[in-house]
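Topology and contacts: notes
Each chain is listed here by its residues.
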Amino acid sequence: VEKQEEKTTMIEGQILDVPAGPQPPNPTAKCPIYRWNLQHKYNYTDVLLLSQFIRSDGGLLPRRITGLCPEEHHKIAICVQMAQRAGLLPDHKPKLPEGHVPKRPKPQLNR
């Protein structure tokens, strides 16, 4: 709330009640996929879901951070790989420094 008295402006803050977010249908499940009942409802084209489980360099976050069960972690890993191959998700690889020479040159083939 903004009040003006001659040359002074006073701004007063008010605390508003923020509505709670949606509650998961299965709140006791430990795996987030099971908590929201998404077991068979995602595939490699669900980029928004998959992007929550990847790092900035394109790798998959570990299970201890994501909280996924082993079965769903494996499914997510496969979907992330498929999305990266399809070009839907980035698979960032670090650029080599300028002038970098690989340790073992690739063998020349008789072509």
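The residue count restarts for each chain, going from 1 along the sequence in the order it is written. Reporting of local features is limited, given that this is a predicted model, to residues whose pLDDT is at least 70; pairs of side-chain atoms are given and counted only at 80 or more, and all residues count toward the totals for whole chains, interfaces and linings. Where side-chain values are given, they derive from all heavy atoms of the structure, hydrogens and water being excluded.

**Overview of the environment of Arg55**
Helix and strand assignments follow DSSP, with helices taken as H or I runs no shorter than four residues and strands as E runs no shorter than two, numbered in order from the N terminus. Here Arg55 is to be found in the loop between helix H2 (47-50) and helix H3 (63-66). Arg55 sits in the partly exposed class, given a relative accessible area of 39%. Taking the C-alpha atoms as reference points, Arg55 and Val80, 25 residues apart in sequence, are found 11 Å from one another. Should any heavy atoms of two residues lie within 4.5 Å, those residues are counted as being in contact. Ignoring sequence-local partners within four residues, the contact set of Arg55 consists of Leu60 and Leu61. A distance of 3.1 Å separates polar atoms of two side chains, one belonging to Arg55 and the other to Asp57. Burial classes: relative accessible area under 20% of the type maximum marks a residue as buried, over 50% as exposed, and values in between as partly exposed (1.4 Å probe, protein chains only). The definition of a polar contact used here is a pair of N or O atoms within 3.5 Å, where within protein one atom must be able to donate a hydrogen and the other to accept one, and adjacent residues in sequence count solely through side-chain atom pairs.

**Here's the deal with the pattern of salt bridges**
Should a side-chain nitrogen of Lys or Arg be within 4 Å of a carboxyl oxygen of Asp or Glu, the pair is scored as a salt bridge. Counted according to the given criterion, the structure contains four salt bridges. Between Asp57 and Arg55 there is a salt bridge; the shortest N-O distance is 3.1 Å. Measuring nitrogen to oxygen at the nearest pair gives 3.6 Å for the salt bridge that ties Lys75 to Glu72. Taken together, the positions of Lys75 and Glu72, both in helix H4 (residues 70-86) and three residues apart, correspond to about one turn of that helix. Connected via shared salt-bridge partners are Glu71, Glu72 and Lys75.

**What about the pairing of strand S2 (residues 8-11)?**
Pairing between two strands is assigned when DSSP locates at least 2 bridges connecting them. In this sheet, S2 lies alongside strand S1 (residues 2-5) in antiparallel orientation, the contact comprising four bridges. Residue Lys3 lies in a different strand from S2, and its bridge partner there is Met10. The loop that links S1 with its antiparallel partner S2 comprises two residues; one of these, Glu6, has a positive phi angle of about 50 degrees.

**So, the nonpolar core**
Formed by 14 residues in total, the largest nonpolar core has its most connected members in Ile33, Leu50 and Ile76. Listing elements by their share of this core, those giving two or more residues are H2 and H4. Of all the elements, H4 adds the most residues to this core, at four residues. In contact with Ile76, other than residues within four places in its own chain, are Ile33, Tyr42, Leu50, Phe53, Leu60 and Leu68. The criterion is simple. A nonpolar core is a set of buried Ala, Val, Leu, Ile, Met, Phe, Trp, Tyr and Cys residues joined through side-chain atoms within 4.5 Å.

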